[in-house]
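Remarks on the overall topology
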Amino acid sequence: MTLDTFVLQLTNGLVFSLLLFLMAAGLSLIFGLMDVVNLAHGAFYLLGGYLGLSIVRWGGSFWLALLLAPLLVGVLGLLLELTLLRRLYRRGHLDQVLATFGVALIVADLMRAAWGAYVEVVAPPALLAGQVAIGGLAFPTYRLAVIAVGLSLALGLWLFVERSTVGMQIRAGVSDPQMAGMLGVDVPRLFAGVFAGGCALAAFSGVAAAPILTLYPGLDSEILILALVVVVVGGLGTLRGAFFGSLIVGMADVFGKALLPEFSVFAIFVVMAAVLLTRPAGLFGRATATRGA
Amino acid sequence: MSVERQKGTISRRQFLQLGAVGGVVAATGSLLAGCAAPNIGGGASGPLKIGVLLPYSDIYAALGESITEGMRMYFESVDNRAGGRPIELITEDEGTAPDAAAQKARKLVEQDQVDLVAGIVSSGVAAALRDYFHDNQKFLIIANAGANALTRAAKSPYIFRASFTNWQPNWPMGSWAAANLGRRAFISVPDYGAGKDTISAFTHSFTAAGGEIVKVQLTPFPNIGDPAPFLAEIQAAAPDFVYSFYSGAAAVTFVKAYSDFGLTGSIPLAGSGFMVEQDVLPSHGSSALGIKSALHWALTLDNAENQAFVAAFAQRELPSGNKGANVFAVQGYDTARLIVEALNAVEGDMSRTDDLIGAFGSAAFPSPRGAFKMDSTTHNVINPIYIREVQEVNGTIANVVLTSVGEVPDPGDNSKDAV
Amino acid sequence: MARPPWVPIRALGRHHPAPSVWRATMENNAMRERWEQFTNTGSRWGSLVLVALLAVLPAVAPPYLRSLVIEVLILAIFAMSLDLLLGYTGMVSFGHAAFLGLGAYLLAFFTRSVGANLLQALPVVLLGVALFAVVAGFLALRTSGIAFLMLTLAISQMLFGLAIKWSSVTGGSDGLAVARPYVGIGGATLGFGPDRSFYYLTLASFALAWWLLRRITASPFGHALRGIKANEPRMQALGYRTHRLKLTAFVIAGLFAGVAGMLLAAFNRHASPELFGWAVSGEAIIMVIVGGSGTLVGPILGATLVHLLESYVSSYTELWRLVMGLVFVGFVLFAPQGIIGLLRRRGRPPSEVELAAAIKEPEPAALPKERRT
């Protein structure tokens, strides 16, 4: 591998890592607060992408899609939390996880009915079409923008969780929901908000990744598995874990494909197995925190 | 919640639970009863029952819809009659899992007692079902699945293929590419049966014509994910051109990324025609411009049969919306016609097995692909193969035929494949 | 809701009235206990009647129904084996298809290289599955909870990838054909064609698997597994070597799933990579949950309902997963104990395990605890 190619692959790795971070952030956020692995995450990702497609088709811009699709899916997530998940709080997390699995099946088929079975593409905005030169090789501008968006989202989420009042409440809710409740935090409202936010993030990544990964039936489960791998590698429920998990999985995927293309199908699972076998809680998870579904 | 409740009374919840149990029992019972009485068919009279086994769910659903609609179009054009018998279609979902498809095949054959089965998109499903149809001496007309083996080692007298073998478009492309695209080829294909069929067919004729395979890149199947890392390796290898075979979502992500990375201008992309077929071409848009491919059909093919077909197909309504005719619809249309022609030849008498085998094997008729001619030795259609290029014609992106390499029969063995 | 402070909240769950009530009902609940046994692992007479009914079914049923029942019985073995992990031991495996596929492929290898005598193939296939299960279980059981779920998923996905990739051995994406199986002892052979004989082979396998699993779940080992589900640290404190127990359960579950895979491959006369797919594992989970986890009758009922529903609905609409999803969510919401939960009416005392589970988590389960930042 020449230096040029290495730099190119490294950039590819960054792009894919940050795409993965976009995909995994919502899943991680919901798990962090609610202890629920949202198996409908992939379905909401795809729903976001399809809504974005429709918004662009109806004459809206890509930017409008990037704003509106997450909003719509966020509202759907909110409704789901209020009508479905909330009823299951008493029963423990497994029932909630199973409920989201059922929702994933339902949403997947509804999308199939609404948007058909063809492969659909969302064009990137004109501003980000074309290429820029990196180390003598051309690189698509949109993919570079994905790096920027991913990094800003990571920073924004970090600031939100660490610095804002709501973020403080979330952290309080994560570490001790009962105590947070007693201190006047409206925990149910917090749960609903975080669930809606996590779903909106899934939809956001669905729109953002659509120009690269396209949209088609079945993508939902692919994305779900990718996002699950990322959060499990990073350590469930921590933003930092999702970020570094994305980097590791993204780089493993890209360099696996570059160096051993024939075996790249195993790359991310090998990395995940290696991490889990040495650190069952993931890289940034606490050693005891291996609960969950 | 009422904790203290009288024994002996039935609460609303209990009532609902009882009702739900009753519902489950009744549902199960009726599901079983639904298949208790097979409908008797077969013979030479009554409706001709055709089982259509095609994917309507999962990743191949768009193909299944197109093939089904193509079939319906032809059957309607002959007033839904074959060999003097009215045609009755029974569709079942092939899905992607061979075991589920096997169950559907049994349902069609044993429960619905269909006279024959048509369809099958996935080669994996076709491979799994081959023995079932062969052992039961039931006719199966394959409308897509292209695995070479079905025409070679796994050939059956009862199985005919109206679509293609993976060998057919790729082998002629080897010598054409060596003459027109360059001597150093980089092969990038998904790592599964069809990908490997592509490699062996193309390599055989390409190296025979003096070409050299720079590298073979096997990419993950079924999901390629982000193809960017593969493209960087292609760029680094700097071949004269890239030869590949992708279909469906992998085709769109690959072709789009190929264009996004600016490779289209520097390293020409060529391959099996499915990569730029009409099911994915609208999604490619201008990113597919310049791609050269080989296939047994093209939307712009200039023959009367095709123009009528394309115009008529545009009027149809499909579950996923009508994106215009594609090669799969053509295969469905030809499959239907093959069935009707053969049934006409035996006057609708399915019991004349040997005559039917002969009729299927000698079928020849005009088709949107040019001419449809069944090969009586391989039981696979002899395809006219066209080399096409994606061009912009009057504002639309379409495959334009550069040249025709004439009729290409599958060799029926691996003699024209590189090992 | 009025709850005495000493009553764990779980004990007040929808199916368990206050202790005062169940103590009263315990006196005349002999019938109820019998019913419970019937809906749990199956009562002796109940299961015999069911098997007897299934044995006369081919006499009256058309071939297609027979083949549907064959599939249901195979899937029931598969679902029961998963429930040994999921419902009894509390280990949610999302890769149980690994063993189904392995059993299928090992049988395919055996019939192609040695012969199609099932009596010869069985020990070889079981040995192969057991060896793999020991290694896979040893690795996967280093973790628990979601990490265990993901590791089991990874294991099955890797086998899926291997089955497609290693085409010289596995036939790649086209899979492997399986020769027509037979049972041969000495010179006598019994072939399994498309006739009724395979049905009876499957029924016998199902009955045997059910009986064995009943014995296993009723044994001290089975009780220990339930103890692990309820409270693993306590079991450890009591001196149980829980890791070894869980590994044993994992291997046993793998073996039964392997048998199911063998039967499936022998029935379809084919082994395909899709058998390893996560969709197969996910569907098995649906069967267990819909039927009722922590029981043996539940997975049998679940496999029946899910498979028949799927076969039936998919003939009418390509959106059959939507129907499955609705049914599934319906069960999770309104019948968390599945069909079994519906069959068991209220007024039943909570079982030891349920009480233990309730005691384990004294505070409302809705509120996660001991979380990191």
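Residues numbered from 1 in each chain as written. Chains lettered and ligands numbered in written order. Predicted model: local features only at pLDDT ≥ 70, side-chain atom pairs only at ≥ 80, totals over all residues. Heavy atoms only, no water.

On to the overall build of chain C, then. A tally of helices and strands in chain C yields 17 helices and four strands. Split into buried and exposed, the 373 residues of chain C put 62% on the buried side. In chain C, once contacts between residues fewer than 6 apart in sequence are set aside, the share between residues at least 24 apart is 78%. When the accessible surface of chain C is summed, it comes to about 14,500 Å², and 66% of that surface belongs to carbon and sulfur atoms. (Helix = DSSP H or I, 4+ residues; strand = E, 2+ residues; numbered from the N terminus. Buried < 20%, exposed > 50% of the residue type's maximum accessible area, 1.4 Å probe, protein only. Contact = heavy atoms within 4.5 Å. Areas by Shrake-Rupley, 256 points an atom, 1.4 Å probe, with all protein chains shown as cover.)

Taken as a whole, this structure holds 36 aromatic pairs over all chains when the rule is applied. Taken together, a centroid distance of 5.8 Å and an interplanar angle of 45 degrees make the contact between Phe6(A) and Phe255(A) tilted. Of the two residues, Phe6(A) sits in helix H1 (residues 3-34) while Phe255(A) sits in helix H10 (residues 239-259), which places them 249 residues apart along the sequence. When the centroid spacing of 5.0 Å and the interplanar angle of 20 degrees are considered together, the rings of Phe202(B) and Phe206(B) count as stacked. Placement of both Phe202(B) and Phe206(B) in helix H6 (residues 193-208) is noted, with a separation of four residues, approximately one turn of the helix. (Phe/Tyr/Trp six-rings, centres within 6.5 Å; stacked < 30°, edge-to-face > 60°.)

The next thing to look at is the domain arrangement of chain B. Residue and element names in this part refer to chain B. Along its sequence, chain B is carved into domain 1 (48-164 + 303-379) and domain 2 (167-295 + 385-416). Of note, the centres of domain 1 and domain 2, computed from C-alpha atoms alone, are 27 Å apart. Counting residues at the interface gives 18 residues for domain 1 and 17 residues for domain 2. A combined buried area of about 1,500 Å² lies between domain 1 and domain 2, and 52% of that area is made up of carbon and sulfur atoms. Its largest share of buried area at the contact with domain 2, domain 1 owes to Asn148, Arg152 and Phe164, together 37% of the area lost on that side. Counting every contact that joins domain 1 to domain 2 gives two salt bridges. Asp410 is the partner of Arg152 in a salt bridge, and the nearest nitrogen-oxygen pair spans 3.0 Å. (Domains from an automatic or database assignment. Buried area = accessible area lost by both parts, 1.4 Å probe. Salt bridge = Lys/Arg side-chain N within 4 Å of Asp/Glu carboxyl O.)

In this section: the interface of chain B and chain A. Each side of the interface is counted separately: chain B has 39 residues, and chain A has 34 residues. Taken together, the two surfaces of chain B and chain A that pack against each other cover about 3,000 Å², and 58% of this comes from carbon and sulfur. For the interface between chain B and chain A, the tally reads three salt bridges. Taken together, chain B and chain A are joined by 13 residue pairs in polar contact (both at pLDDT 80 or more). Mapped by element, the contributors of at least two residues to the side of chain B that touches chain A are helix H2 (61-77), strand S8 (212-219), helix H7 (228-237) and helix H8 (248-260) of chain B. Classifying every residue of the side of chain B that touches chain A by side-chain character gives 17 nonpolar, 14 polar and eight charged. (Polar contact = N/O pair within 3.5 Å; in protein donor to acceptor, adjacent residues only side chain to side chain. Nonpolar A, V, L, I, M, F, W, Y, C, P; charged D, E, K, R; others polar.)

Topologically, Ala140(C) is positioned in helix H6 (residues 118-140). Look past the residues within four positions of Ala140(C) in its chain and what remains in contact with it is Phe148(C), Leu151(C), Thr152(C) and Ile155(C).

Bringing the environment of Val72(C) into the picture now. For Val72(C), the position within the fold is in helix H4 (residues 63-89). Beyond its immediate stretch of four places on either side in the chain, Val72(C) contacts Ala303(C), Thr304(C), His307(C) and Leu308(C).

For the peptide bond that leads from Phe221(B) to Pro222(B), omega is 5 degrees, which places it in the cis range. By secondary structure assignment, the location of Pro222(B) is in the loop between S8 and H7. Despite not being glycine, Asn394(B) has its phi angle at roughly 50 degrees, a positive value. Within the fold, Asn394(B) resides in the loop between strand S14 (381-393) and strand S15 (396-408). Positive phi, close to 55 degrees, is recorded for Arg269(C), a residue that is not glycine. Its location among the elements puts Arg269(C) in the loop between helix H12 (242-268) and strand S4 (270-271).

Moving on, we get to the side chain of Ser47(C). Residue and element names in this part refer to chain C. Looking at the secondary structure, you find Ser47 in helix H3 (residues 44-60). By relative accessible area, Ser47 is classed as buried at 9%. When sequence neighbours within four positions are dropped, the list of residues in contact with Ser47 reads Trp210 and Arg214.

If you walk through the whole model with that rule in mind, you get 34 salt bridges over all chains. Taking the shortest distance from any N to any O, the salt bridge between Glu347(B) and Arg352(B) comes out at 3.5 Å. Glu232(C) is the salt-bridge partner of Lys246(C), the closest N and O atoms lying 3.2 Å from each other. Of this pair, Lys246(C) sits in helix H12 while Glu232(C) sits in helix H11 (residues 232-237), and the two are 14 residues apart along the sequence. What makes Glu232(C) partly exposed here is its relative accessible area of 22%.

Here we take up the confidence of the model for chain B. All names here are of chain B. Residues at a pLDDT of 70 or more form 89% of chain B, whose mean pLDDT is 90. Per-residue pLDDT, averaged within each element of chain B, yields its smallest value for helix H1 (residues 12-34) (52) and its largest for strand S5 (residues 139-142) (98). Predicted confidence is poor over residues 12-16, with pLDDT under 50, and the contacts of this stretch with residues over four places away or in other chains come to seven contacts. Every residue in residues 34-41 scores below 50 in pLDDT, and together they form 19 contacts with partners more than four places removed in sequence or on other chains. (pLDDT = per-residue confidence, 0-100.)

What follows deals with helix H3 (residues 62-83) of chain A. Residue and element names in this part refer to chain A. Its 22 residues give H3 an end-to-end C-alpha distance of 31 Å, which sits within 8% of 32 Å, the value for a rise of 1.5 Å per residue. Of the residues making up H3, those classed as buried are Phe62, Ala65, Leu66, Ala69, Pro70, Val73, Gly74, Gly77, Leu80 and Glu81. Angular distribution of buried residues about the axis of H3 spans 150 degrees; they occupy a single face of the element. Of the exposed residues in H3, those oriented more than 90 degrees away from the buried face are Leu67 and Leu71. As for H3, its buried residues are in contact with H1, helix H2 (41-57), helix H4 (93-115), helix H5 (141-163) and helix H8 (187-213). (Expected span 1.5 Å × (residues − 1). Arc of directions from axis to C-beta.)

In this complex, chain A contributes 55 residues to the contact, which on the side of chain C involves 50 residues. The junction of chain A with chain C conceals about 4,900 Å² of combined surface from both sides, 71% of it contributed by carbon and sulfur atoms. Remark: the boundary between chain A and chain C carries one salt bridge. In this structure, Glu262(A) and Lys165(C) form a salt bridge, with 3.6 Å as the shortest nitrogen-oxygen distance. Counting across the interface, chain A meets chain C through six residue pairs in polar contact (both at pLDDT 80 or more). Contributions of two or more residues to the side of chain A that touches chain C are made by H1, H4, helix H6 (165-175), helix H7 (177-182), helix H9 (219-234) and helix H11 (264-278) of chain A. With 14 residues, the single largest contributor to the side of chain A that touches chain C is H4(A).

Moving on to the confidence of the model for chain C. Detail in the predicted coordinates should be disregarded across regions flagged by low pLDDT. All names here are of chain C. Here chain C averages 84 in pLDDT, and 82% of its residues register 70 or above. Throughout residues 1-17 the model reports pLDDT below 50, and contacts reaching past four residues in sequence, or to other chains, amount to 46 contacts. The complex model carries a pTM of 0.89, and its ipTM stands at 0.92.

Turning next to the packing of helix H12 (residues 327-345) of chain B against helix H13 (residues 353-361) of chain B. Between two packed helices, what matters for the description is the angle formed by their axes and the separation of those axes. Residue and element names in this part refer to chain B. Relative to each other, H12 and H13 sit at 135 degrees, their axes nearing to 9 Å. Looking at the two axes, H12 sits oblique to H13. As H12 packs across H13, the resulting crossing turns out to be right-handed. Of H13, the residues touching H12 (which contributes Leu338, Ile339, Ala342, Leu343 and Ala345) are Leu356, Ala359 and Phe360. (Axes fitted to C-alpha atoms, helices over the stretch in contact; angles between N-to-C directions. Parallel < 35°, antiparallel > 145°, perpendicular 65-115°, else oblique. Left-handed = near helix turned anticlockwise from the far one by under 90°.)

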